[in-house]
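Examining the three-dimensional arrangement
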Amino acid sequence: MDDSFTVDFTPRYRSGSGSSSSSSLPLPPQHPPSSRSPSPQPHHHHILSSSSIRASLGILSKTPHRRSYSGTSDNKMPTDPSSSSSSSSLSTSVQERLFQKLLQSVLPTDHELTNKDGEVPTVKDPRSDDGRPAFSLATMSHNFRRFNSRVGIVFIFQHQLFHLLSWREPCHTLSLAAIYTFICLDPYLIFALPPVVILLFLMVPSFITRHPPAPNSVYTASGPAIAPPPEVRAVSEISKDFFRNLRDLQNTMDDFSLLHDKTIALIGPPTNFSDEKLSSGVFLFLFFSSIAMFISANLLPWRFIFLVVGWTALALAHPNLRHVVLETHNQHFLSQENAVAEITDTWIHNDITLSTTPETREVEIFELQHRTSGGGYEPWLFSRTPYEPLSPARIADERPKGCRFFEDVKCPSGWEWSEGKWTLDLGSVTWVHERCLGGVEVEEEGERWVYDSEGGGVEGRGEWRRRRWVRTVRRKYLES
C-alpha cells in the first residue's frame, strides 16, 4: 500500500460527468526498486595526450618540440638521456592532466538535458535530431574551418548592401530607389526581379570573364572564349581572405548579440507580462488593431504606403539628413512624445484592473471502511474513488487503492493547500446522484455514510461503506 496519495478535483471541474477515474490527476510515479534509475556512477575518462587533442582539433604540428638551453654557445641538447626523458615525461603528464581537467569542466558528460534532480525530463529537446551527428570537437573544428573558408561571399554582399544604403555612391542609391518605385507602382514586377538579377550580376560578368575585351579596342562579343570560366572556390586556410572572414564573422557575431539584446529589452517587458497592466494594454491594442485590419485592409492604398515608407527610410539613411532629423526630433517632438507616453501609462495603470485573487478549486477524497466479522466497520484507507459495488475495480475483484492517513494525502501538482482543513460533505445524497451510483444505501442523518446495499435494513448493509471529504486548494506560484 502506498505511503502517499495525490488527491483529485471534484467532478464539476472535469470534462465529463461519469466516473471520476477517467479524468483524475495521476498518482505520483511509484517506482519499484528494480525499475528506478541507477545512481550516477563515477565517470571514467581516458587520459588524453596533447598530440591526440591536437589531432582531434585538426591542428597538425609541423615542427618538433624542442627545449632551449642556456649556457652553451652552440645550443646543443644535454648529454644525459635519462634526465631528458624523465623531464619530458613529467611535462607531458602535467599537460595531459591539465587538458583532462579542462575538458571535464567545460564539456558535458552526456547529451541528455537533465532537470534539477538529475532525471531526464519528459519534454524532449525541440532541437534534437536523431539523424544529425552529436557534438564533437573534431567535427566542430572541421566544419568551422570549412564554413569560414566559404562564407566570404556573404560578407561581401553585406558590405555592398551597406554601401548601397548609406549613400556612398548616390547614383547607385537613387537607382535602387527607382527600382523600388517601379515595384511599388506595379507589384507584379517583383517576379521579374530574380531573373534580371541573375542575368546582370551573375551571367553577364561570367561571360565577360570568358570573353575579355581586347586592349585599346571596342568590346565585341564575337569569337571563341579565350579565358577560363570563373569559379567560386573556398579560400585557403593560410590566406588573407580566411582571416578577413574570421574578422567579419567576429564582428557579425557582436552585431547580432547587440541587436538581440536590444530587441529583447525593447519587446520583452511589454509582451512577457512582467508588468501585467502594461502587457494587457498592449494586448488590447493589438486585438482591436487586428480587428480593424480585418475590416479595412482592402480599403488602404498599400502601394502608396509602401512607396512613402521606403523613400522615407532610404532618405533617413543619408548621413546629413539623418543628423537634421535627429536634431529636429530632440528639439520639437521629444517633449510631446514624453507627454503622450505619460498619458498612456496613466491610462494603462489606472483604467486596467486585474484580478489579484488566486484561482481556487475544491478537491475530494473518500474515506473507506471495511466490515468486520463482528458486524462493525473498521477504518481501511482514503481513496480517490468511492469504490461502489458497480465500479470497474469491484467488478474486476481489485482491492481499493489509496493511503491510510489524512496526512499522506498529497496536493495535486501545481497547487497548494489553502488555509482551511478537510470538511465532511454532508450532502451525501447529492454526490451519489451526481455520480449515478447504484447498489448503495445513503445515510441522510448522522455521519453521512454510504453503504453497499445487499438487502433491507441494517442487516442488509454490505462489505464497504464510504463518505466524502472536501478541501480547497489554490494555484501555486511557479518559480522561474
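Residues numbered from 1 in each chain as written. Predicted model: local features only at pLDDT ≥ 70, side-chain atom pairs only at ≥ 80, totals over all residues. Heavy atoms only, no water.

A few words on the overall build of the protein chain. The helix and strand tally for the protein chain stands at 12 helices and 11 strands. Considering only residue pairs separated by 6 or more positions, the protein chain has 58% of its internal contacts joining residues 24 or more positions apart. Of the roughly 36,000 Å² that the protein chain leaves accessible, carbon and sulfur atoms contribute 61%. (Helix = DSSP H or I, 4+ residues; strand = E, 2+ residues; numbered from the N terminus. Contact = heavy atoms within 4.5 Å. Areas by Shrake-Rupley, 256 points an atom, 1.4 Å probe, with all protein chains shown as cover.)

Take the pairing of strand E3 (residues 360-371) next. Most of E3 sits out of view: 9 of its 12 residues are buried. For E3 and strand E4 (residues 377-383), the ladder comprises 6 bridges, and the chain directions are antiparallel. Paired with Arg 371 across the two strands is Tyr 377, which belongs to E4. The loop that links E3 with its antiparallel partner E4 comprises 5 residues; one of these, Gly 375, has a positive phi angle of about 100°. (Buried < 20%, exposed > 50% of the residue type's maximum accessible area, 1.4 Å probe, protein only. Pairing = 2+ DSSP bridges.)

So, about the confidence of the model for the protein chain. In this model, the protein chain carries a mean pLDDT of 78, and residues with pLDDT of at least 70 account for 74%. Taking the mean pLDDT of every element in the protein chain, the minimum, 45, falls on helix H1 (residues 50-56) and the maximum, 95, on helix H7 (residues 240-271). Every residue in residues 14-83 scores below 50 in pLDDT, and together they form 58 contacts with partners more than four places removed in sequence or on other chains. Across residues 110-114, confidence stays below pLDDT 50; counting only partners more than four residues off in sequence or on other chains, it has 9 contacts. (pLDDT = per-residue confidence, 0-100.)

Here Asn 245 lies in helix H7. The residues touching Asn 245, leaving out its near neighbours within four places in the chain, are Asn 148, Ser 149, Val 151, Gly 152, Phe 155 and Val 235.

Our next topic: the environment of Glu 454. Checked against the element boundaries, Glu 454 lands in the loop between strand E10 (450-453) and strand E11 (461-475). In this structure Glu 454 comes out as exposed when scored by relative accessible area, which is 62%.

Right, let's talk about the packing of aromatic side chains for a bit. Within a pair of aromatic rings, the relevant descriptors are the distance that separates the centres and the angle that separates the planes. Throughout the structure, instances matching the rule amount to 12 aromatic pairs. Taking the centre distance of 5.4 Å and the plane angle of 20° together, the rings of Phe 406 and Trp 422 count as stacked. In this pair, Phe 406 is assigned in the loop between strand E5 (402-403) and strand E6 (409-410) and Trp 422 in the loop between strand E7 (415-417) and strand E8 (423-424), connecting sequence segments 16 residues apart. Overall, Phe 406 belongs to the partly exposed group, its relative accessible area being 24%. We classify Trp 422 as buried; its relative accessible area is 15%. In this structure, Arg 465 packs its charged tip against the face of Trp 449, placed 4.0 Å from the ring centre. Positioned above the aromatic ring of Trp 415, the side-chain terminus of Arg 475 is 5.3 Å from the ring centre. (Phe/Tyr/Trp six-rings, centres within 6.5 Å; stacked < 30°, edge-to-face > 60°. Lys NZ or Arg CZ within 6 Å of the ring centre and 35° of its normal.)

This part covers the pattern of salt bridges. According to the stated counting rule, one finds 16 salt bridges in the structure shown. Ionic pairing is found between Arg 435 and Glu 364, a salt bridge with its closest N-O pair at 2.5 Å. In this pair, Arg 435 is assigned in the loop between helix H12 (428-434) and strand E9 (440-442) and Glu 364 in strand E3, connecting sequence segments 71 residues apart. In this structure, Glu 416 engages Arg 474 in a salt bridge whose closest nitrogen and oxygen atoms are separated by 3.2 Å. Of this pair, Glu 416 sits in strand E7 while Arg 474 is found in strand E11, placing the two residues 58 residues apart along the sequence. Residue classification places Glu 416 among the partly exposed positions, given a relative accessible area of 29%. Residue classification places Arg 474 among the partly exposed positions, given a relative accessible area of 26%. (Salt bridge = Lys/Arg side-chain N within 4 Å of Asp/Glu carboxyl O.)

The end-to-end C-alpha distance of helix H6 (residues 193-210), which contains 18 residues, comes to 25 Å, matching closely the 26 Å that a straight helix rising 1.5 Å per residue would cover. At Leu 199, H6 is deflected by roughly 35°, the largest bend along its length. (Expected span 1.5 Å × (residues − 1). Bend = angle between axes of the 7 residues up to and from the residue.)

We now examine the packing of H7 against helix H8 (residues 276-296). In contact at an axis separation of 7 Å, H7 and H8 are set at 90° when each is read in the N-to-C sense. Comparing their axes, H8 and H7 come out roughly perpendicular. Note on element contacts: H8 touches H7 through Leu 278, Ser 279 and Val 282, opposite Pro 269, Pro 270 and Thr 271. A class-by-class count of the residues in the contact of H7 with H8 yields 4 nonpolar, 2 polar and no charged. (Axes fitted to C-alpha atoms, helices over the stretch in contact; angles between N-to-C directions. Parallel < 35°, antiparallel > 145°, perpendicular 65-115°, else oblique. Nonpolar A, V, L, I, M, F, W, Y, C, P; charged D, E, K, R; others polar.)

Right, let's get into the side chain of Gln 369. By the secondary structure assignment, Gln 369 is in strand E3. A polar atom in the side chain of Gln 369 sits 3.4 Å from the side chain of Glu 367. There is a polar contact of 2.7 Å between the side chain of Gln 369 and the side chain of Arg 465. (Polar contact = N/O pair within 3.5 Å; in protein donor to acceptor, adjacent residues only side chain to side chain.)

On to unusual backbone geometry. For Asp 397, which is not a glycine, the phi torsion comes out positive at approximately 60°. Within the secondary structure, Asp 397 sits in the loop between helix H11 (392-395) and E5. Even without being a glycine, Cys 436 presents a positive backbone phi close to 55°.

A few words now on the pairing of E11. Most of E11 is tucked away: 11 of the 15 residues are buried. Relative to E11, E3 runs antiparallel, the two being bridged by 11 bridges. From the neighbouring strand, His 370 faces E11, where its bridge partner is Trp 464. Examined bridge by bridge, E7 and E11 share 3 bridges and lie antiparallel to one another.

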